[in-house]
Structures are given as C-alpha cells and as structure tokens.
Amino acid sequence: GDIPEKMPARNIVLEGSFYVDGTQVKELSYTIEYYKNNVKQDADTEVVKKVVQVLEPNTITVDKSKINTTNKYLGYNFEKIEPQVIPDTVNSGFVIKIYYAAEIYTIEYDLDGGTSTEENPENYTIEDSFVLKAPEKEGHTFIGWTGSNGEEPEETVTISKGTTGNKQYKAN
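Visitor: An account of the nonpolar core is requested, with residue identities and associated values reported.
Guide: Counting residues in hydrophobic clusters, the biggest one holds 19 residues, and the most contacted among them are Tyr-30, Ile-32, Val-62, Ile-67, Ile-96 and Ile-98. Residue assignment for this core shows that the elements contributing at least two residues are strand E1 (25-36), strand E3 (46-53), strand E5 (76-82) and strand E7 (94-102). Each residue touching Ile-67, except ones within four places of it in the same chain, is listed here: Ile-32, Tyr-34, Val-62, Ile-81, Ile-86, Ile-96 and Ile-98.

So, in structure tokens, the structure goes:
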C-alpha cells in the first residue's frame, strides 16, 4: 500500500526490489608490451579489453595464448617476461612485458696464412652493419672473400643490418 505521511507507533516493513541495469557497464583492460633489446616495440603493443557490468570486480582473465615468448622476431631470442609468472587474472590496467634480445651469431675466418691488419668481428647481431676488412699476406694480393657469400671471391663483403645466421669466410 501507500506509505503514511506520519510514521505509526508500531513497526512496519517496507519492501522494495532492485534490478541489474544492463546499461551500467565498464571497460577493463590489460596491456601486452614487447621489447627488442630493451626498446619498446609500440607497433606490437596489444591492449586486451573486456566490457563488464559495473558491479563486477575490476579483474580480467589473461588470455595467455596472446603472449608470444617463442618466435616473435626473426634474429631475436626470448629473454624474459615481467612478471616472471603470468597470473590467470589481473587488475584492470595491468601491464605484461615480454623482452627479446638479439641473437648473437658467429663469424669464422680462414686467413689462408695471412694476418688481419684490423680485427674483423667474431660475432654480430641482426642490428649490426659493417664491411669485412681485407687481410694481408706477404707476397700476395688479396682478391676477395669466399664462403658464406658464395664461391666467387668478393673484395667487399658487407654484413648489413637484418642479416642473420653464422658465417664463414676464407681469404683468397
């Protein structure tokens, strides 16, 4: 019935009901960031979003299948993840960081009895770029390098940024 304007001298019970308003929602999210040699890769950053009722907790389930810790980048190896163990659920706004480090490749040289006047690198990464320096051999003229660059001697061999794999070169 109606609520009296003056409260009666006895106890009364008022009953009401509530319903969940489906329009009352909020967005939750977490972020997955990727780093190559500690440099954030903005183009690969992924924000995972979910819309929930406002009364639900501010936690979101982590989709671990979206986190790549194996082969995200050519020439880079997985280094670490922060946090070390990914929880099943995180608070909205949580950030997961995945770090990759450039793989280190080796270069072997056969100087054919010659010597290097300037040292050529024994290792390199996908980020390096350099030209191999010619060795010297008394009484001989250097005609080029063979090996990983092919069987035809090349005086100028360049390891360009983006190059991968172990290399071998022989002085001719």
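Visitor: Can you break down the packing of aromatic side chains residue by residue, with the values?
Guide: Using the criterion set out here, one finds ten aromatic pairs in the structure. Seen from their ring centres, Tyr-34 and Tyr-73 are 6.5 Å apart, and the 80° between their planes marks the pair as edge-to-face. Placement of Tyr-34 in strand E1 and of Tyr-73 in the loop between strand E4 (59-61) and E5 is noted, with a sequence separation of 39 residues between them. Judged by its relative accessible area of 11%, Tyr-73 falls in the buried class.

Visitor: Give me the sheet that holds strand E14 (residues 150-154): which residues, what numbers.
Guide: In a beta sheet, neighbouring strands pair by backbone hydrogen bonds and run either parallel or antiparallel. The mixed open sheet is built from five strands, whose spatial order is E10-E8-E16-E13-E14. Either end of the sheet is taken by a strand with one partner, and the two such strands are strand E10 (123-124) and E14. Judged from the three bridges that link them, strand E13 (residues 145-147) and strand E16 (residues 167-171) form a sheet pairing that is antiparallel. Note on E16: the bridge partner recorded for Trp-145 is Ala-171.

Visitor: So what's going on with the environment of Glu-15? Which residues, and what values?
Guide: If you trace the backbone, Glu-15 turns up in the segment before E1. Taking the C-alpha atoms as reference points, Glu-15 and Val-95, separated by 80 residues in sequence, lie 45 Å from one another.

Visitor: Residue-level account of the environment of Lys-161, with values.
Guide: With respect to the helices and strands, the residue Lys-161 is situated in the loop between strand E15 (158-159) and E16. Put simply, Lys-161 and Ser-129 are 32 residues apart on the chain and 4.9 Å apart in space, counted from C-alpha to C-alpha. Every residue in contact with Lys-161, bar those within four places of it in the chain, is listed here: Ile-126, Glu-127, Asp-128 and Ser-129.

Criteria and cut-off values
- Residues numbered from 1 in each chain as written.
- Predicted model: local features only at pLDDT ≥ 70, side-chain atom pairs only at ≥ 80, totals over all residues.
- Heavy atoms only, no water.
- Core = buried A, V, L, I, M, F, W, Y, C linked by side-chain atoms within 4.5 Å.
- Buried < 20%, exposed > 50% of the residue type's maximum accessible area, 1.4 Å probe, protein only.
- Helix = DSSP H or I, 4+ residues; strand = E, 2+ residues; numbered from the N terminus.
- Contact = heavy atoms within 4.5 Å.
- Phe/Tyr/Trp six-rings, centres within 6.5 Å; stacked < 30°, edge-to-face > 60°.
- Pairing = 2+ DSSP bridges.

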